[in-house]
Amino acid sequence: METSRRLRKRALVWPRMSKGFAVMKRAFPGLGVLVLLSGAAFGQSASAPATFDLADVHISPRSQFQFFQGAVLKGNRYVVKNATLVDLIATAYSIENEKVVGGPSWLEKDRFDVIAKAPANTPPETLKLMLQGLLADRFKVAVHSDKRPMSVFVLTVGKGKAKLKESDGSGNSGCQPTPGQPPPTPGATLTIMITCHNMTMESFAPLVRQMASGYITGPVVNSTELKGSWDFDIKWTPRGTFAQAGPDSISIFDALDKQLGLKLEPQKLPMSVIVVDGANDKPTDNPPGVATALPPPPPAEFEVAVIKPSLPDATPGGRFDPSGQINMQAVTLKLLISFAWGINPNDKETLIGAPKWLDSAKFDIVAKTTTTGGPAAAQLDIDDFRSMLRALLIDRFKMVVHNEERPVNAYTLTAANPKMKIADPSNRTGCKEGPGPDGRDPRIANPILSRLVTCLNMTMTQFAEQLQTMAGGYVFSPVKDATGLEGAFDFTLSFSTAGQVNGGRGAGFGGDGAAPAGAETASDPSGALSIFDAISKQLGLKLELKKRPVTVLVIDHVEEKPTDN
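Residues numbered from 1 in each chain as written. Predicted model: local features only at pLDDT ≥ 70, side-chain atom pairs only at ≥ 80, totals over all residues. Heavy atoms only, no water.

**Quick look at the pattern of salt bridges**
Side-chain pairing between opposite charges can occur once the charged atoms of the two side chains come close.
Move 1: The tally for this structure, following the rule as stated, stands at 18 salt bridges.
Move 2: With a shortest N-O distance of 2.1 Å, Glu 98 and Arg 209 are connected by a salt bridge. In this pair, Glu 98 is assigned in the loop between α1 (85–92) and β6 (100–102) and Arg 209 in helix α3 (residues 201–211), connecting sequence segments 111 residues apart.
Move 3: Under the relative-accessibility criterion, Arg 209 is labelled buried at 15%.
Move 4: Across the pair Asp 257 and Lys 263 runs a salt bridge whose closest N-O atoms are separated by 3.4 Å.
Move 5: In this structure Asp 257 comes out as partly exposed when scored by relative accessible area, which is 27%.
Move 6: Judged by relative accessible area, Lys 263 falls into the partly exposed class, the value being 30%.
Move 7: Overlapping salt bridges, with partners in common, bring together Glu 96, Glu 98, Lys 99 and Arg 209 in one network. (Salt bridge = Lys/Arg side-chain N within 4 Å of Asp/Glu carboxyl O. Helix = DSSP H or I, 4+ residues; strand = E, 2+ residues; numbered from the N terminus. Buried < 20%, exposed > 50% of the residue type's maximum accessible area, 1.4 Å probe, protein only.)

Put into structure tokens, the structure is as follows:
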């Protein structure tokens, strides 16, 4: 099974949909076992190496939210989407991204889709060997194994005994949202409550990073020495709402200590790594006729879907389970349209022609996909889901839509008094959540600065392209670079979410408090710092609002009531 970074989704809980459904990315994964490197992992064998029958490798289409998906075999199609070369190498060698070191600076910048043909039911370990061969053939990737000191989080048993119940071994293994939780209410402080069953510490260690990625910015190493499997519950406050929770807040570190009797502490340890000795930034050409030999599969669709108006006092909420069951309650049609077409639901300018009731009429949806049950259930990805939802809305609400370019308010990045450090060209290009090389974390002293982004070897054009995703509560449309600054820079950016600046007030599901379109949200007396002030004070740059053409979604027709179930 895959390592924690790529673990399949158990259940996706949608408590914060107003940020373009970014919560889909933060869903809790299933189990995975960390596979340690060995010489055999490099596929060195006297027999012929395993290879894909055919492979289409191309640059991923641009989208607002680009993140790694796939690495699964769908029938005889092996599909990977939005993968950097680091993602692909980490997948091929069963290792976390941080443990792929060396190589050229662009290794985490460009993204690729891989669609390859392999015999149905090919074992996962064979697929990894096939991917290793593809990387060597198409990207000329050369690697070797090594050990390097690395910043990690070490999980140990605290003082006394661990507060865990030994599992009887029955049932499935995994961690899921605790059953019976009421749906989150708008404006309420979010608490994450997880129930784990039949869970080994070896599996829990990488999983805890996925569940609490706002706190944990490096690999988690299990040093508990606890054998067997365990049942337990744990709850904590997400880092983004820690300051708002006040005395009721509890970090993942305190939750592990007080509730489970475990300690999670940062350390520097020698870790097994993959060292990239060389790679090409462009794959070799696809073989002739690859599009014909690998045609797109039939579009995914809902097998059955029931849509009905919500009760007046229903609380918004939702759940998408990879078993194929989708449940949504009291969700506005505007929110559904925004997710289906990939636009920010708080943006009042990129959705044109929306009737007033679109943001007030609420519906419940229960749907089952054609992948319900069995191994295929884990194969539904977010792109499939968007496509299925678009088709459902068009069919049941008789929607007619089209895209066109129209002038809207959009931000432009300009230079006022630049304060950024000239980049170290050996650094990989990219921005990541968490402290920079100096390890400083202003969130410790001031938790309301809940976002800390470290960017290395970034041009201003690349930074501008990332701002729409990085600051989705503030920035709804693509940002244009007009700084005139040449070269690349290293910098960190610390700021609060739009909801924190607005005191938790704002439109949208869950009360994330996104900034209204066109409003340069100011900082707050509580100590919250908007993205605009952070960019100005910390980087010496400025985000200015200007009119310019942007692609919008135009609703030509939509019915207020869905067709009968």
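Moving on from the model shown.
**Remarks on the side chain of Asp 364**
Move 1: For Asp 364, the position within the fold is in strand β19 (residues 362–369).
Move 2: Among the polar contacts made by the side chain of Asp 364, one reaches the side chain of Ser 310 at a distance of 2.7 Å.
Move 3: A polar side-chain atom of Asp 364 sits 2.8 Å from the main-chain amide nitrogen of Ala 330. (Polar contact = N/O pair within 3.5 Å; in protein donor to acceptor, adjacent residues only side chain to side chain.)

**What about the state of the cysteines?**
Move 1: Applying the stated criterion across every chain, the model contains 2 disulfides.
Move 2: Cys 175 shares a disulfide with Cys 196; S-S distance 2.0 Å. On the sign convention where negative is left-handed, the bridge of Cys 175 and Cys 196, at about 115 degrees about the S-S bond, is right-handed. Highlighted residues: Cys 175 in strand β10 (residues 174–177) and Cys 196 in strand β11 (residues 192–199), separated in sequence by 21 residues. Exposure class is identical for Cys 175 and Cys 196. Each is buried.
Move 3: The residue that forms a disulfide with Cys 431 is Cys 455, at a sulfur-sulfur distance of 2.0 Å. Since a negative S-S torsion denotes a left-handed disulfide, the Cys 431-Cys 455 link at about 110 degrees is right-handed. (Disulfide = S-S within 2.5 Å.)

**Section: the confidence of the model for the chain**
Move 1: Put simply, the chain has an average pLDDT of 83, and 82% of its residues get 70 or more.
Move 2: For the chain, the element scoring lowest by mean pLDDT is strand β1 (residues 9–13), at 33; α1 scores highest, at 97.
Move 3: The low-confidence segment residues 372–378, where pLDDT is below 50, has 9 contacts with residues more than four positions distant or belonging to other chains.
Move 4: The low-confidence segment residues 504–519, where pLDDT is below 50, has 56 contacts with residues more than four positions distant or belonging to other chains. (pLDDT = per-residue confidence, 0-100. Contact = heavy atoms within 4.5 Å.)

**Concerning a nonpolar patch on the surface**
Move 1: There is a patch of nonpolar side chains on the surface, built from Val 304, Val 306 and Val 366 and spanning about 200 Å² of accessible area.
Move 2: Structurally, Val 366 can be placed in strand β19.
Move 3: A relative accessible area of 36% places Val 366 in the partly exposed class. (Patch = residues over 30% accessible without salt bridge, like charges linked within 9 Å, V, L, I, M, F, W, Y side chains within 5 Å. Areas by Shrake-Rupley, 256 points an atom, 1.4 Å probe, with all protein chains shown as cover.)

**Section: the nonpolar core**
Move 1: The biggest cluster of nonpolar side chains holds 35 residues, and the ones touching the most others in it are Phe 52, Tyr 78, Leu 85, Ile 89 and Leu 135.
Move 2: Broken down by secondary-structure element, the contributors of at least two residues to this core are β3 (54–59), β4 (69–74), β5 (77–83), α1, β7 (112–117), α2 (124–138) and β14 (262–278).
Move 3: Ranked by residues supplied to this core, first place goes to α1 with 6 residues.
Move 4: Those residues in contact with Ile 89, other than ones at most four positions away along the chain, are Val 100, Leu 135, Val 141, Ile 274 and Val 276. (Core = buried A, V, L, I, M, F, W, Y, C linked by side-chain atoms within 4.5 Å.)

**Overview of the sheet that holds β14**
Move 1: Read from one edge to the other, the open sheet built from 4 strands follows the order β6-β14-β8-β12, with strand pairing classed as mixed. For this open sheet the edge positions go to β6 and β12 (220–222), each flanked by a neighbour on one side alone. Pairs of neighbouring strands in the sheet enclose a mean axial angle of 45 degrees, with direction left out of account.
Move 2: Strand direction decides the pairing type here: strand β8 (residues 142–157) and β14, joined by 16 bridges, are antiparallel. For Pro 149, the partnering residue across the bridge sits in β14 and is Pro 270. (Pairing = 2+ DSSP bridges. Axes fitted to C-alpha atoms, helices over the stretch in contact; angles between N-to-C directions.)

**Focus: the pairing of strand β13 (residues 230–236)**
Move 1: Counting buried residues in β13 gives 5 out of 7 residues, a clear majority hidden from the surface.
Move 2: Sheet analysis places strand β9 (residues 165–166) next to β13, joined by 2 bridges and oriented antiparallel. Following the sheet pairing, Lys 165 is matched in β13 by Asp 231.
Move 3: The pairing of β11 with β13 spans 6 bridges and is antiparallel. Note on β13: the bridge partner recorded for Met 193 is Lys 235.

**A few points about the sheet that holds β5**
Move 1: If you walk across this open sheet you meet the 4 strands as β3-β7-β5-β4, and the pairing is antiparallel. The open sheet has two edge strands, β3 and β4, and neither has a second partner. Taking each pair of neighbouring strands and ignoring which way they run, the sheet shows an average axis angle of 5 degrees.
Move 2: In this sheet, β7 lies alongside β5 in antiparallel orientation, the contact comprising 5 bridges. Its bridge partner being in β7, Val 79 is matched across the sheet by Ile 115.
Move 3: Contacting β3, β4, β5 and β7, α2 crosses the sheet at an angle of about 60 degrees to β3.

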